[in-house]
Amino acid sequence: MKYMGSKARFAKDLLPIILKDRTEEQYYVEPFVGGCNIIDKVQGKRIASDSNKYLIALWKGLQQGRGLIMEIPKELYDQARNQYNEIKNHNFDDFTIGWIGFMGSFNGRFYGGGYSGKHKNRDYVAEQIRNTLKQVEAIKDIDFHNCNYDQLQIPKGSIVYCDIPYQGTKQYDTKDKFNHDKFWQWCRKVSK
Ligand SMILES: C[S@@+](CC[C@H](N)C(=O)[O-])C[C@H]1O[C@@H](n2cnc3c(N)ncnc32)[C@H](O)[C@@H]1O
């Protein structure tokens, strides 16, 4: 999935390092899973989490084979965005808000980048849907959670890959600004 801060193009360099000494029973955990662009290339026992509830509802819905809206016209996008921004409730569930927001927003920016739609010869919504559906088979048995990273239950001895929001750049869909000092303290504690 096209996603703000996606590491898709680094996966082939990062994963051999991260997984070098992994044993068969060892969990691979991502507390900041975003577009699943790294974890979808990992096999075996996996736990993924993110603080964006619409994103996790989206991944869980795809695992469950939810019916999908394949055309996202601007009017539908605006309705979903209005509900997301609490301007008007259209009775969309979290999966649908997530699906429309991630499939229909420019550069996978989840309502932040505006409606992508069609430009010149490209249909950006169809491209994003195609890319995301390609991941479904690879994410089928991931154990997904929606929580702040420090609330995630991490099995002892797991390999934990943290792709945190960059310092000083646009924030993700979280109420609180990401506290990098607190994060590094948590890392020191968890890595023990
Ligand atoms: C850089 S992105 C991850 C991108 C992902 N590795 C990929 O390649 O698609 C960071 C993610 O962290 C999530 N996030 C931000 N603050 C968080 C927090 N406090 N706890 C858990 N997740 C958080 C954001 O919603 C976003 O999905």
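Relevant structure appears above.
Values in this document were obtained by computation on a predicted structure and should not be read as measured data. (Residues numbered from 1 in each chain as written. Predicted model: local features only at pLDDT ≥ 70, side-chain atom pairs only at ≥ 80, totals over all residues. Heavy atoms only, no water.)

Novice: Would you mind showing me how to read the side chain of Asp163 here?
Specialist: Examined against the element boundaries, Asp163 turns out to sit in the loop between strand 6 (159-160) and helix 6 (180-191). Side-chain polar atoms of Asp163 contact the side chain of Lys7, separated by 3.0 Å. Excluding residues within four positions of it along the chain, Asp163 makes contact with Gly5, Lys7 and Phe32. (Helix = DSSP H or I, 4+ residues; strand = E, 2+ residues; numbered from the N terminus. Polar contact = N/O pair within 3.5 Å; in protein donor to acceptor, adjacent residues only side chain to side chain. Contact = heavy atoms within 4.5 Å.)

Novice: What should I look at first to understand the packing of aromatic side chains in this one?
Specialist: Geometry of an aromatic ring pair is reported as the spacing of the ring centres plus the angle between the planes. By the definition in use, this model includes 21 aromatic pairs. A ring pair is formed by Trp59 and Phe144, whose centres lie 6.4 Å apart and whose planes are at 5°; its orientation type is stacked. Linking Trp59 in helix 2 (residues 53-63) with Phe144 in strand 5 (residues 143-146), this pair joins segments that are 85 residues apart in sequence. Comparing Trp59 with Phe144, the two get one shared label, buried. (Phe/Tyr/Trp six-rings, centres within 6.5 Å; stacked < 30°, edge-to-face > 60°. Buried < 20%, exposed > 50% of the residue type's maximum accessible area, 1.4 Å probe, protein only.)

Novice: Teacher, can you tell me more about the site of the ligand here?
Specialist: Lining the immediate environment of the ligand, one finds 21 residues, of which Tyr3, Lys7, Asp50, Asn148 and Asp163 sit closest. Asn148 is positioned with one of its side-chain polar atoms (N or O) 2.7 Å from a nitrogen atom of the ligand. For the ligand, whose unbound accessible area comes to 610 Å², protein coverage reaches 98%. Residue composition of the shell around the ligand, by class: ten nonpolar, eight polar and three charged. (Near = heavy atom within 4 Å. Areas by Shrake-Rupley, 256 points an atom, 1.4 Å probe, with all protein chains shown as cover. Nonpolar A, V, L, I, M, F, W, Y, C, P; charged D, E, K, R; others polar.)

Novice: Before we go on, may I ask you to explain the sheet that holds strand 1 (residues 28-30) in this structure?
Specialist: Hydrogen bonds between backbone groups are what pair the strands of a sheet, and the pairing can be parallel or antiparallel. Taken in spatial order, the four strands make up an open sheet running 5-2-1-6, and their pairing is parallel. The sheet is open, and its two borders are formed by strand 5 and strand 6, each paired with just one other strand. Relative to strand 2 (residues 46-50), strand 1 is paired through three bridges, and the arrangement is parallel. Within the sheet, the bridge partner assigned to Tyr28 lies in strand 2 and is Arg46. Contacting strand 2 and strand 5, helix 2 crosses the sheet at an angle of about 155° to strand 5. (Pairing = 2+ DSSP bridges. Axes fitted to C-alpha atoms, helices over the stretch in contact; angles between N-to-C directions.)

Novice: Looking at this structure, I do not really get helix 6. What am I missing?
Specialist: Helical periodicity: at 3.6 residues per turn, an α-helix aligns residues three or four positions apart in one direction. End to end, helix 6 covers 16 Å across twelve residues, agreeing with the expected 16 Å (1.5 Å per residue, within 8%). All of the buried residues in helix 6 are His180, Phe183, Trp186 and Cys187. For helix 6, the arc enclosing every buried residue in end-on projection is 115°, short of the 170-degree limit, so these residues lie on one face. The exposed set on the far side of helix 6, more than 90 degrees from its buried face, consists of Asp181, Gln185, Arg188 and Lys189. Structurally, the start of helix 6 carries an N-cap: the backbone nitrogen of Asp181 is 3.1 Å from a side-chain oxygen of Asn179. (Expected span 1.5 Å × (residues − 1). Arc of directions from axis to C-beta.)

Novice: Just checking my understanding: could you explain the packing of helix 3 (residues 74-84) against helix 4 (residues 94-104) for this structure?
Specialist: In a packed pair of helices, the relevant descriptors are the angle between the two axes and the axis-to-axis distance. Packing of helix 3 against helix 4 brings their axes to within 9 Å, and their N-to-C directions diverge by 120°. In terms of their interaxial angle, helix 3 and helix 4 are classed as oblique. Considering only the axes of helix 3 and helix 4, their crossing is left-handed. Contacts between helix 3 and helix 4 involve Leu76, Tyr77, Ala80, Gln83 and Tyr84 on the former and, on the latter, Ile97, Ile100 and Gly104. Its residues assigned to classes, the contact of helix 3 with helix 4 shows six nonpolar, two polar and no charged. (Parallel < 35°, antiparallel > 145°, perpendicular 65-115°, else oblique. Left-handed = near helix turned anticlockwise from the far one by under 90°.)

Novice: What should I look at first to understand the pairing of strand 2 in this one?
Specialist: It is a general feature of regular strands that their side chains alternate between the two faces of the sheet. Extensive coverage of strand 2 is indicated by the burial of five of its five residues. Of the strand pairs in this sheet, strand 2 and strand 5 are connected by four bridges, and their pairing is parallel. Looking across to strand 5, one finds that Ile47 is bridged to Asp143.

Novice: What's the story with the pattern of salt bridges in this structure? I'm lost.
Specialist: It is possible for side chains of opposite charge to pair when their charged atoms get near one another. Evaluated as defined, the whole model comprises eleven salt bridges. In this structure, Lys74 and Asp78 form a salt bridge, with 2.9 Å as the shortest nitrogen-oxygen distance. Placement of both Lys74 and Asp78 in helix 3 is noted, with a separation of four residues, approximately one turn of the helix. Residue Asp78 is classed as partly exposed on the basis of its relative accessible area, which comes to 21%. In this structure, a network of salt bridges that share partners links the residues Lys74, Asp78 and Arg81. (Salt bridge = Lys/Arg side-chain N within 4 Å of Asp/Glu carboxyl O.)

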